[in-house]
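Here are the chains, one letter per residue:
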Amino acid sequence: MQLKINDTIIYFEEDLNEINDFKNQFNLNKYYLIVDSNVYNLYKDVLDKYFINNETIIIPSGEEYKNINTVFMIVDKLLNLDINRGDTIIGIGGGVTCDICGFVASILYRGIKHLLIPTTLLAMVDATMGGKCGVDHLNRKNIIGSFYEPKGIYITPYFLKTLPKEQYNSGLGEVIKYSFLDDRFDLYNECNLINIIKDSILIKKKYVEADFKDKGLRMCLNLGHTFGHAIELKEKILHGQAVLEGIYMIFNLEKDLGIDISNEQALFNKLLQKYNLEIKGYDYKLYIEDIYKDKKNISGELNLVFVKNFRPYLYKIRKDELYDKIIGK
Ligand SMILES: NC(=O)c1ccc[n+]([C@@H]2O[C@H](COP(=O)([O-])OP(=O)(O)OC[C@H]3O[C@@H](n4cnc5c(N)ncnc54)[C@H](O)[C@@H]3O)[C@@H](O)[C@H]2O)c1
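Residues numbered from 1 in each chain as written. Predicted model: local features only at pLDDT ≥ 70, side-chain atom pairs only at ≥ 80, totals over all residues. Heavy atoms only, no water.

(A) Up close: the domain arrangement of the protein chain. You can read the domains of the protein chain as domain 1 (2-162) and domain 2 (211-326). Summarising the inter-unit geometry, the C-alpha centres of domain 1 and domain 2 are found 29 Å apart. Domain 1 puts 14 residues into the contact, and the matching count from domain 2 is 13 residues. Counting the surface lost from both domain 1 and domain 2, the interface buries some 1200 Å², and carbon and sulfur atoms represent 59% of this. (Domains from an automatic or database assignment. Contact = heavy atoms within 4.5 Å. Buried area = accessible area lost by both parts, 1.4 Å probe.)

(B) Broad picture of the pattern of salt bridges. According to the stated counting rule, one finds 19 salt bridges in the structure shown. For E289, the salt bridge goes to K319, with nearest N and O atoms at 2.9 Å. Taken together, the residues E289 in helix α11 (residues 288-291) and K319 in helix α12 (residues 319-326) connect sequence positions 30 residues apart. The exposure class of E289 is partly exposed, given its relative accessible area of 38%. (Salt bridge = Lys/Arg side-chain N within 4 Å of Asp/Glu carboxyl O. Helix = DSSP H or I, 4+ residues; strand = E, 2+ residues; numbered from the N terminus. Buried < 20%, exposed > 50% of the residue type's maximum accessible area, 1.4 Å probe, protein only.)

(C) Broad picture of the packing of helix α8 (residues 225-235) against helix α9 (residues 239-256). It is at 7 Å that the axes of α8 and α9 come closest, and there the two elements cross at 130°. Accordingly, the angle class assigned to the pair α8 and α9 is oblique. In this structure, the crossing between α8 and α9 has a hand that is right-handed. Contact with α8, carried on its side by H225, F227, G228, H229, I231 and E232, involves H239, A242, V243, G246, M249, I250 and L253 of α9 and no other residues of that element. Across the contact of α8 with α9, the residue classes break down as seven nonpolar, five polar and one charged. (Axes fitted to C-alpha atoms, helices over the stretch in contact; angles between N-to-C directions. Parallel < 35°, antiparallel > 145°, perpendicular 65-115°, else oblique. Left-handed = near helix turned anticlockwise from the far one by under 90°. Nonpolar A, V, L, I, M, F, W, Y, C, P; charged D, E, K, R; others polar.)

(D) Region of the structure containing the site of the ligand. Near the ligand you find 26 residues, and of these E63, T119, T120, K141 and T162 are the closest. In the model, a nitrogen atom of the ligand is placed 2.7 Å from a nitrogen or oxygen of the T119 side chain. T120 places a polar side-chain atom, nitrogen or oxygen, 2.6 Å from an oxygen atom of the ligand. When the ligand is considered free in solution it has 860 Å² of accessible area, and contact with the protein chains removes 91% of it. Mapped by element, the contributors of at least two residues to the shell around the ligand are α2 (37-50), α4 (95-107), α5 (121-127) and β8 (140-147). Residue composition of the shell around the ligand, grouped by class: eight nonpolar, ten polar and eight charged. (Near = heavy atom within 4 Å. Polar contact = N/O pair within 3.5 Å; in protein donor to acceptor, adjacent residues only side chain to side chain. Areas by Shrake-Rupley, 256 points an atom, 1.4 Å probe, with all protein chains shown as cover.)

(E) Layout of the nonpolar core. Membership of the largest hydrophobic core comes to 64 residues, with the highest contact counts inside it found for I10, I201 and L253. Counting residues per element, this core draws most heavily on α9, at eight residues. When residues of this core are sorted by domain, at least three fall in each of domain 1 (2-162) and domain 2 (211-326). In terms of nonpolar packing, the next biggest core, distinct from the first, is built from 23 residues, V71, V104, L108 and I112 among them. (Core = buried A, V, L, I, M, F, W, Y, C linked by side-chain atoms within 4.5 Å.)

(F) Representation of the sheet that holds strand β2 (residues 8-12) in the model. The strand order β1-β2-β9-β6-β5-β3-β4 describes an open sheet built from seven strands, whose pairing is mixed. Both outer strands of the open sheet, β1 (2-5) and β4 (55-59), are each paired with one neighbouring strand and no more. The sheet shows a mean angle of 20° between the axes of neighbouring strands, direction not considered. The pairing of strand β3 (residues 31-36) with β4 spans five bridges and is classified as parallel. Within β4, the position partnered with L33 by the bridge is T56. Contacting β3, β4 and β5 (88-93), α2 runs over the sheet at an angle of about 130° to β3. Contacts between helix α7 (residues 193-210) and the sheet are confined to β1, β2 and β9 (152-155), with β1 contributing the most and set at about 15° to the helix. (Pairing = 2+ DSSP bridges.)

(G) Region of the structure containing the packing of helix α6 (residues 165-178) against α7. The geometry of α6 relative to α7 is characterised by a closest axis approach of 10 Å and an angle of 50° between their N-to-C directions. Compared by their axis directions, α6 and α7 come out oblique. As α6 packs across α7, the resulting crossing turns out to be left-handed. Touching Y168, V175 and Y178 of α6 are L193, I196, S200, I203 and K204, all from α7. Broken down by class, the residue content of the contact of α6 with α7 amounts to six nonpolar, one polar and one charged.

(H) Region of the structure containing the state of the cysteines. Counted under the stated rule, the structure contains zero disulfides. Here C101 stays free of any disulfide, with the sulfur of C98 as its closest cysteine sulfur at 7.0 Å. No disulfide involves C133; its sulfur sits 8.9 Å from that of C101, the nearest cysteine. Using a relative accessible area of 10% as the deciding quantity, one classes C133 as buried. (Disulfide = S-S within 2.5 Å.)

Here it is, written out as structure tokens:
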């Protein structure tokens, strides 16, 4: 099955058998693979089979390597390999690899073609489609980056068989988020993984197409991310797990502000149970200072993503106003 979203063609396949058909869509000249080290070790033979005579740049795995040094390392290697502006880079890995690969593609020769092949659930449902790419810097998430869409994304659960459980659960964190962004998405009853991935992407599509540059509506995709990003960096937990913690925290904040969020909280708890997920349940009040350091803070105001009747909306508030409203709760 295929989808076209903005400029990106997305393939959804059970395995890698359609990869040649996928590559043929893009008139590839020469291409270079950028592969996460764990993925490379697990799938070296598979990559050699499907990407014959490829040049491969292996990058270290982990969020701590999602930084500008890795970007320069890749750029140096590509230039030493004589990449030219008609060539393509193909990122194969989780969200870290895909974010770095997209950013490199956006700056090299002021923009070269790139394709993404996500290998984690999180990257499949969230980190590859939509054109946001970049790296962390000075302990701030995604603070250096650009909007730059891949020409193609090839999604297959084939890779998930080796994904550690906690990483799979992290991907589920983002999927659960989508349950509160579209009241027609029935994650509770849907069990087919490809459908779950496809539906997640279709929900994201609505927001990305309406607001590519993230000026308004698209910010609703950040549900759970404002507190989530603070928790992710401070407590060193996985991104999707942090999103779950962030959803829990923002729902509690809404409740303290007198907003009836009981139906959403009930579904949240049901989904945690269904997927055997646990959260620590951080106190949002202890992270208010942190969230106002986020890059989404514009002139002292933050757009918090709230939900009402399974529809997200933005709630703009200054830090002092927020403290005033929740004091004593
Ligand atoms: N650009 C976006 O719109 C967007 C959206 C959401 C998240 N993100 C970013 O995505 C990143 C998180 O992505 P992630 O959770 O995929 O993390 P990740 O890329 O660090 O991958 C997680 C771990 O799984 C390993 N791995 C990857 N595929 C594997 C496989 N098939 N089998 C075994 N191990 C495998 C990796 O080596 C790594 O150790 C964050 O940096 C986040 O900011 C970006």
